[in-house]
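What follows is each chain in one-letter form.
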Amino acid sequence: MDTEPTKEANGKNYPSVTGIGRDEHVGMVREIFATITGRYDFLNHLLSLRRDIAWRRFAVRRMRFFSTFRLLDVATGTADLAIEAAKGHPGVHVMGIDFAPEMLAVGQRKITERGLAERIRLLQADAMTLPFPDGSFDAVGIAFGIRNMPDRLRALREMRRVLVPGGRLFVLEMNSPRSRLWRGFFAPYLNRILPVIARLFSRNPAAYLYLVDSITHFPAPPAFLALMEEAGFGNRERYSLTFGITSLYIGSAGDNEEKTG
Ligand SMILES: C[S@@+](CC[C@H](N)C(=O)[O-])C[C@H]1O[C@@H](n2cnc3c(N)ncnc32)[C@H](O)[C@@H]1O
């Protein structure tokens, strides 16, 4: 795929993430997630053929709670990971943060409808400066969020800071199209079919072209694992999901032994 600006027929277009500064990237992300809220869940499930639900469930099944019994869901958006975790771990309390109030409003509605308001709290906050003391959570999750953060090292360090020693980070993220399967099948899907679906269903289809661009320029798994190491995460693992379309990265904080079992 190329690095041309992402264009859209209705006039709106976003520059490629490779050609802009961090502040402009963050401003663009804020605008995008303020404008795609209405159809976000619907399009997420449609465009991933509902695999996104299975990917979040896969991550939640690997979470362990042993000290604070609290999970932080960073970039929670419409709270799908937070809800999945609350359902999968009945004794646990979940805090979801996101900087887009429009996404949080949808998430809050879903939490209330499912009777989970006692156990999930949402807060408007920036992942770059998490408003929690060190060692507040047994687990931190971030699903399809880190790609949208230009300063990923800072985001990873913040997430590590708020984990208890031995606590673990769970990052779900799409892989960039480097494998043969990606190039043969998924890249054409992203470049041709996804924009058409987005144009049909979204009021801001350019946002979905940004999505393709941001996936394309996300680091390959070895580079992302190296970034996790730089941020201080040990016991790093990667699971490749659905033919490598998505990765789950896990890393543990502190020198304590990883909690499993
Ligand atoms: C693709 S959505 C993912 C939402 C959700 N985690 C999911 O699994 O569907 C990315 C989210 O990241 C949020 N986001 C991006 N940068 C952020 C930042 N620096 N701080 C907080 N939220 C951020 C956006 O507002 C958006 O809701």
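Each remark here, short or long, concerns the structure printed above.
Calculation criteria
- Residues numbered from 1 in each chain as written.
- Predicted model: local features only at pLDDT ≥ 70, side-chain atom pairs only at ≥ 80, totals over all residues.
- Heavy atoms only, no water.
- 1 Å grid on protein atoms, 1.4 Å probe; cavity = no way out; pocket = protein on both sides within 12 Å on 5 of 7 lines; lining within 4 Å.
- Points joined across faces, edges and corners; volume = space filled by probe spheres on them.
- Helix = DSSP H or I, 4+ residues; strand = E, 2+ residues; numbered from the N terminus.
- Near = heavy atom within 4 Å.
- Polar contact = N/O pair within 3.5 Å; in protein donor to acceptor, adjacent residues only side chain to side chain.
- Sits in = over half its atoms within 2 Å of the grid points.
- Nonpolar A, V, L, I, M, F, W, Y, C, P; charged D, E, K, R; others polar.
- Pairing = 2+ DSSP bridges.
- Right-handed = clockwise from strand over helix to strand, strands pointing away.

### Description of empty space enclosed by the protein
So, step 1. Throughout the structure, instances matching the rule amount to one cavity of 30 Å³ or more.
So, step 2. Roughly 330 Å³ of internal volume is contained in the largest cavity.
So, step 3. For the largest cavity, the lining is made up of 23 residues, of which N44, R147, M174, L211 and I215 are closest to its centre.
So, step 4. Secondary structure elements with two or more residues in the lining of the largest cavity: α1 (22-35), α2 (40-47), α3 (51-61), α7 (180-201) and α8 (206-216).
So, step 5. The leading source of residues in the lining of the largest cavity is α8, at five residues.

### Some remarks on the site of the ligand
So, step 1. In the vicinity of the ligand lie 19 residues, with Y40, A75, D98, A127 and A143 positioned nearest.
So, step 2. A distance of 2.6 Å is found between an oxygen atom of the ligand and a side-chain nitrogen or oxygen belonging to D98.
So, step 3. Taking A143, its main chain carries an N or O atom lying 2.9 Å from a nitrogen atom of the ligand.
So, step 4. More than half of the atoms of the ligand fall within 2 Å of the grid points belonging to the largest pocket.
So, step 5. Looking at the shell around the ligand, the elements with two or more residues in it are α1 and α2.
So, step 6. A breakdown of the residues in the shell around the ligand according to their chemical character gives twelve nonpolar, four polar and three charged.

### Some points on the pairing of strand β3 (residues 120-124)
So, step 1. Where strand β2 (residues 93-98) and β3 come together, five bridges link them in parallel fashion. What sits directly across from D98, in β3, is Q124.
So, step 2. Regarding topology, helix α5 (residues 101-113) serves as the crossover connection from β2 to the parallel β3, and that connection is right-handed.

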